[in-house]
Amino acid sequence: MVSVSLCMIVKNEEDVLERCLESAAGLADEIIIVDTGSTDRTKEIAAHFTPRIIDFLWRDDFAAARNESFAHASMDYCLWLDADDVLLEEDRAAFLALKKSLDPAVSVVMAPYHTGFDEGGHVTFSYYRERLIKNRAGMRWAGAVHEAVAPVGKVLYADFAVTHRKARPSDPDRNLRIYQAQLAAGRELEPRHQFYYGRELYYHQRWEEALAVFERFLADGGGWVENNIDACCHCAYCHEQLNQPDEALAALFRSFSYDQPRAEICCEIGRWFFQREKYRQAAYWYALALTCVRDDQRGGFVSPDCYGYLPCIQLCVCYSRLGDQDRAETFNELAAAFKPDSPAVLHNRAFFQALPVQSA
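Keep in mind the model is a prediction, meaning the values are calculated, not measured. Throughout, residues of each chain are indexed from 1 in the direction in which the sequence is written. Under the rules for a predicted model, residues below a pLDDT of 70 receive no local features and side-chain atom pairs below 80 are neither given nor counted, while totals for whole chains, interfaces and linings still include all residues. As a rule here, side-chain values cover all heavy atoms of the structure and leave hydrogens and water aside.

## So, helix α12 (residues 309-321)
Here is step 1: Compared with an ideal rise of 1.5 Å per residue, which puts 13 residues at 18 Å, α12 spans 19 Å between its outermost C-alpha atoms and is within 8% of the ideal.
Here is step 2: The cut-offs for exposure are 20% and 50% of the maximum accessible area for each residue type, with area from a 1.4 Å probe on protein chains only; residues under the lower value are buried, those over the upper are exposed, and the others partly exposed. Segments assigned H or I by DSSP are reported as helices when at least four residues long, segments assigned E as strands when at least two residues long, and all are numbered from the N terminus. The buried fraction of α12 amounts to eleven of the 13 residues, a majority that puts the element mostly inside the structure.
Here is step 3: Burial in α12 covers these residues: Tyr309, Pro311, Cys312, Ile313, Gln314, Leu315, Cys316, Val317, Cys318, Tyr319 and Ser320.
Here is step 4: Those residues of α12 hidden inside the fold are in contact with α10 (263-275), α11 (279-289), α13 (325-338) and α14 (343-354).
Here is step 5: Remark: glycine 323 follows α12 within two positions and exhibits a positive phi of approximately 90 degrees. Here the expected length of a helix is defined as 1.5 Å per residue gap, with one fewer gap than residues. The contact criterion used is simple: two residues touch if any of their non-hydrogen atoms lie within 4.5 Å.

## Some points on the packing of aromatic side chains
Here is step 1: Between 30 and 60 degrees the pair is tilted, below 30 it is stacked and above 60 it is edge-to-face, where a pair is any two Phe, Tyr or Trp rings, Trp via its six-membered ring, whose centres lie within 6.5 Å. Per the stated rule, a full pass over the model turns up 25 aromatic pairs.
Here is step 2: When the centroid spacing of 5.0 Å and the interplanar angle of 80 degrees are considered together, the rings of tryptophan 272 and phenylalanine 273 count as edge-to-face.
Here is step 3: Judged by relative accessible area, which is 11%, phenylalanine 273 ranks as buried.
Here is step 4: On the basis of an interplanar angle of 10 degrees and a centroid distance of 5.8 Å, the ring pair of tyrosine 319 and phenylalanine 331 is categorised as stacked. Of the two residues, tyrosine 319 is situated in helix α12 and phenylalanine 331 in helix α13; the sequence distance between them amounts to twelve residues. No difference in accessibility class separates tyrosine 319 from phenylalanine 331, as the two residues are buried.
Here is step 5: A network of ring pairs unites the aromatic residues Phe70, Trp80, Tyr113, Phe125, Tyr127, Trp141 and Phe301 as a single cluster.
Here is step 6: To sit over a ring, a charge needs its Lys NZ or Arg CZ within 6 Å of the ring centre and within 35 degrees of the ring normal. Over the ring of tyrosine 309 we find lysine 339, and its NZ or CZ is 4.8 Å from the ring centre.

## What about the side chain of threonine 50?
Here is step 1: Take threonine 50: it is sitting in the loop between α2 (42-46) and β3 (53-55).
Here is step 2: Any pair of nitrogen or oxygen atoms within 3.5 Å is treated as a polar contact; in protein, a donor-acceptor pairing is required on top of that, and neighbouring residues in sequence qualify only through side-chain atoms on both sides. A distance of 3.0 Å separates the side chain of threonine 50 from the backbone nitrogen of arginine 52, its partner in a polar contact.
Here is step 3: Contacts of threonine 50, omitting those with residues within four sequence positions, involve Ile31 and Ile33.

## Points about the pattern of salt bridges
Pairing between side chains becomes possible if they bear opposite charge and their charged atoms approach one another.
Here is step 1: Criterion for a salt bridge: a side-chain nitrogen of Lys or Arg within 4 Å of a carboxyl oxygen of Asp or Glu. On inspection of all chains with the given rule, the structure shows 25 salt bridges.
Here is step 2: The closest approach of N and O atoms between arginine 129 and glutamate 130, which form a salt bridge, is 3.1 Å.
Here is step 3: The class for arginine 129 is buried, based on a relative accessible area of 12%.
Here is step 4: Among the ionic pairs, arginine 271 bridges to glutamate 240, the shortest N-O distance being 2.9 Å.

## Quick notes on helix α3 (residues 62-71)
Here is step 1: Among the ten residues of α3, eight are classified as buried, and the element is accordingly described as predominantly covered.
Here is step 2: By the N-cap criterion, in which a side-chain oxygen at the helix start approaches the backbone nitrogen of a residue two or three places on, α3 is capped by aspartate 61, the distance to alanine 63 being 3.1 Å.

## A few points about the packing of helix α7 (residues 207-220) against helix α8 (residues 225-241)
Here is step 1: The N-to-C vectors of α7 and α8 enclose an angle of 150 degrees; their axes lie 9 Å apart at closest approach. Compared by their axis directions, α7 and α8 come out roughly antiparallel. Crossing geometry of α7 relative to α8 is assigned as left-handed. For the pair α7 and α8, contact is made by Trp207, Ala210, Leu211, Phe214, Glu215, Phe217 and Leu218 and by Asn227, Asn228, Ala231, Cys232, His234, Cys235, Cys238, His239 and Gln241, respectively.
Here is step 2: Residue type decides the class: Asp, Glu, Lys and Arg count as charged, Ala, Val, Leu, Ile, Met, Phe, Trp, Tyr, Cys and Pro as nonpolar, and the leftover types, Gly among them, as polar. For the contact of α7 with α8, the residue count by class is ten nonpolar, five polar and one charged. The axes are straight lines fitted to the C-alpha atoms, using for helices just the contacting stretch, and the angles between their N-to-C directions are given from 0 to 180°. Roughly parallel means an angle under 35 degrees; roughly antiparallel, over 145; roughly perpendicular, 65 to 115; everything else is oblique. In this scheme, a crossing is called left-handed if the near helix is turned counterclockwise away from the far one by less than a right angle; it is called right-handed if the turn is clockwise.

## Some words on the environment of lysine 339
Here is step 1: Mapping lysine 339 onto the fold places it in the loop between α13 and α14.
Here is step 2: Contacts of lysine 339, omitting those with residues within four sequence positions, involve Asp118, His122, Asp305, Tyr309 and Val345.
Here is step 3: Here aspartate 305 takes part through its side chain, which lies 2.9 Å from a polar atom of the side chain of lysine 339.

Here's what the structure looks like:
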């Protein structure tokens, strides 16, 4: 069985750190906590789980802090978690099973990161992250924000997931501030960070600036295919905010030049037509979404609802407004197969039950 070092960077995490460490209890053979300047009870809480607490001067560089945490690890693999992450019971069991069976030739274990949820707790946003990284194998974190490790060697895709459970909002301006400081210092952003810089501008509702960054990112041609597709989608969002609907639709279609259609893009095109009451065209794109094969291991951002529930519930509405109530009800029941307790499903059932019975 391989050994694991849990490596974390923290600052003022007294409200979530105990929850995180308790969820990881028994999974790691040692715990390394790098504290970047806490002024609350974070280090006191950490001390209940490990004596390995290292102070590190924060310098607006997440990769530097994570590399510091890895530098103190002594086990075969490094596992990283953020303080507001947890491993659910089924994921703990899957992690322990993997730990017992993991081939030491594996360099990196990729695992799903669940970061978005609906009112019923179902995952609505997920993507794979490098979660277990072989120690002393030459791999390092890179990127002051949106930091990542470039995998080398043998990569394994695991079944266990890490669940991100925010208890409070983080500093919404931090990432944008770091990127702008880098640009002010004359540092050119590599394609991956150019893409994330555009997203940060988008989050700050700086639509024109975000659009310019995304367009430059796509024009340069150095981006990863999944980031290219996401950039097209965000270009569409920016065009919508700038009241440029035709350009928004064109940006969505542009994504098809990078790879076969993703269900997420098909649903966005369906939404574009739906908002304009073009229900037949909208239904075409929602139906196409249902034919798309979900492949989380491509590594891009995944919205699971787009591969089942969302197209079905929207097809229900489209066909209802086209006057085909039987077909609409069929799609409502298909949506129910994905989310039986969905308020939209239950509302639609009541609607169909109230319709007058058609005579033969």
